[in-house]
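Remarks on the overall topology
Read off the chains here:
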Amino acid sequence: MGPATPAGPGVAVVRIVPRGASFGALVVVFQDGWGAGLLGVHTLGGLGYWLPVVVFALAFGLSMDYEVFLLSRIQELYDAGLDNDRAVEVGMQRSARIISSSAALMCIVFIGFALGGLMVMKQLATALAVAVAVDATLVRCLLVPATMTLLRTANWWAPRALRRTGGKPAPPAR
């Protein structure tokens, strides 16, 4: 297998795990009725047709913030001369608080919306709260650092065009 690429299978797992957890929570609560009493809902037997698309888009945007916090710190440390393992370790230590606190704040906001009266908001807020919680804890604080430690130098592989320009995209040809 060749070097790791930004569109490799590891990236797919990082994207799928939080979305799968949020969609699973939607099905369990709003279709099967488990824990529906906590939110004060009656099961409808289905979800809005628009919900998966909106949840995917919003959760993707929220998860990118946590990814930027973590990976930019790790790359700064690696570029400063730390080896891969030490850069991942120190980068995780320095960015874990901001990731955890911002995720906790977003979950509190989403739980507030989930306790409201509109079924649409309950569904959307529940899905986003689960997606953010899983993304910030399981994915950003466990899977990404573990994967980066295992991949070592493959983390820093770049296409030839980006390597020539020092990591910046090449200007368009005239």
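Residues numbered from 1 in each chain as written. Predicted model: local features only at pLDDT ≥ 70, side-chain atom pairs only at ≥ 80, totals over all residues. Heavy atoms only, no water.

Moving on to the side chain of Ser102. Position of Ser102 relative to the elements: it lies in helix α4 (residues 84-114). For Ser102, the side chain forms a polar contact with the main-chain oxygen of Ile99, separated by 3.2 Å. Setting aside residues no more than four positions away along its own chain, Ser102 makes contact with Tyr66 and Phe69. (Helix = DSSP H or I, 4+ residues; strand = E, 2+ residues; numbered from the N terminus. Polar contact = N/O pair within 3.5 Å; in protein donor to acceptor, adjacent residues only side chain to side chain. Contact = heavy atoms within 4.5 Å.)

Another point: the nonpolar core. Here is a general trend for soluble globular proteins: nonpolar side chains tend to be buried in one another's company. Grouped together as the largest cluster of nonpolar side chains are 35 residues, with contacts concentrated most on Phe30, Leu39, Leu70, Ile74, Phe110, Val132 and Val144. Elements that contribute at least two residues to this core include exactly α1 (9-31), α2 (36-39), α3 (51-79), α4 and α5 (119-151). With 11 residues, the single largest contributor to this core is α5. (Core = buried A, V, L, I, M, F, W, Y, C linked by side-chain atoms within 4.5 Å. Buried < 20%, exposed > 50% of the residue type's maximum accessible area, 1.4 Å probe, protein only.)

Below, the discussion takes up the pattern of salt bridges. Close approach of charged atoms lets side chains of opposite charge pair. Under the criterion given, the structure shown has five salt bridges. Between Arg140 and Glu67 there is a salt bridge, with the nearest N and O atoms lying 3.5 Å from each other. In this pair, Arg140 is assigned in helix α5 and Glu67 in helix α3, connecting sequence segments 73 residues apart. Classification of Arg140 as buried rests on a relative accessible area of 1%. For Arg73, the salt bridge is made with Glu76, and the minimal N-O distance between the two is 4.0 Å. Of the two residues, Arg73 and Glu76 are both situated in helix α3; the distance of three residues between them amounts to about one turn of the helix. The network of salt bridges with shared partners includes Glu67, Asp135 and Arg140. (Salt bridge = Lys/Arg side-chain N within 4 Å of Asp/Glu carboxyl O.)

Glu67 gets classed as buried once you look at its relative accessible area, which sits at 16%. Setting aside chain neighbours within four positions, we find Glu67 in contact with Arg15, Ser72 and Arg140.

Turning to the packing of aromatic side chains, a few remarks are in order. Here the structure, examined in full by the defined rule, presents two aromatic pairs. Between the aromatic rings of Phe56 and Phe60, the centroid separation amounts to 6.3 Å while the plane-to-plane angle is 20°, which identifies the pairing as stacked. A residue pair is termed a helical-turn pair when its members lie 3 or 4 positions apart in one helix, as Phe56 and Phe60 do in helix α3 at four residues. Relative to Trp156, the ring of Tyr78 lies with its centre 4.2 Å away and its plane at 15°, an arrangement referred to as stacked. On the criterion of sequence distance, the pair formed by Tyr78 in helix α3 and Trp156 in the loop between α5 and α6 (160-164) is long-range, its members being 78 residues apart. For Tyr78, a relative accessible area of 26% translates into the label partly exposed. You can call Trp156 partly exposed: its relative accessible area is 23%. The aromatic ring of Phe56 is capped on one face by Arg19, whose charged end is 5.8 Å from the ring centroid. (Phe/Tyr/Trp six-rings, centres within 6.5 Å; stacked < 30°, edge-to-face > 60°. Lys NZ or Arg CZ within 6 Å of the ring centre and 35° of its normal.)

Packing of α3 against α5 leaves a shortest axis separation of 9 Å and a crossing angle of 35°. Classified by chirality, the crossing of α5 by α3 is right-handed. Listed contacts from α5 to Leu51, Val54, Val55, Leu58, Ala59, Leu62, Ser63, Tyr66, Glu67, Leu70, Leu71 and Ile74 of α3 are Gln123, Leu124, Ala127, Leu128, Ala131, Val132, Asp135, Arg140, Val144 and Met148. By residue class, the composition of the contact of α3 with α5 is 17 nonpolar, two polar and three charged. (Axes fitted to C-alpha atoms, helices over the stretch in contact; angles between N-to-C directions. Left-handed = near helix turned anticlockwise from the far one by under 90°. Nonpolar A, V, L, I, M, F, W, Y, C, P; charged D, E, K, R; others polar.)

Okay, the confidence of the model for the protein next. Detailed conclusions should not be drawn from predicted coordinates in areas where pLDDT is low. Residues at a pLDDT of 70 or more form 87% of the protein, whose mean pLDDT is 83. The weakest mean pLDDT in the protein belongs to α6 at 73; the strongest belongs to α4 at 93. Confidence drops under a pLDDT of 50 for residues 1-7, and excluding neighbours within four residues, the segment shows seven contacts in the predicted structure. (pLDDT = per-residue confidence, 0-100.)

Of all the bends in α5, the greatest measures close to 45° and is centred on Val139. Looking one or two residues beyond α5, the residue adopting positive phi is Arg152, at roughly 50°. (Bend = angle between axes of the 7 residues up to and from the residue.)

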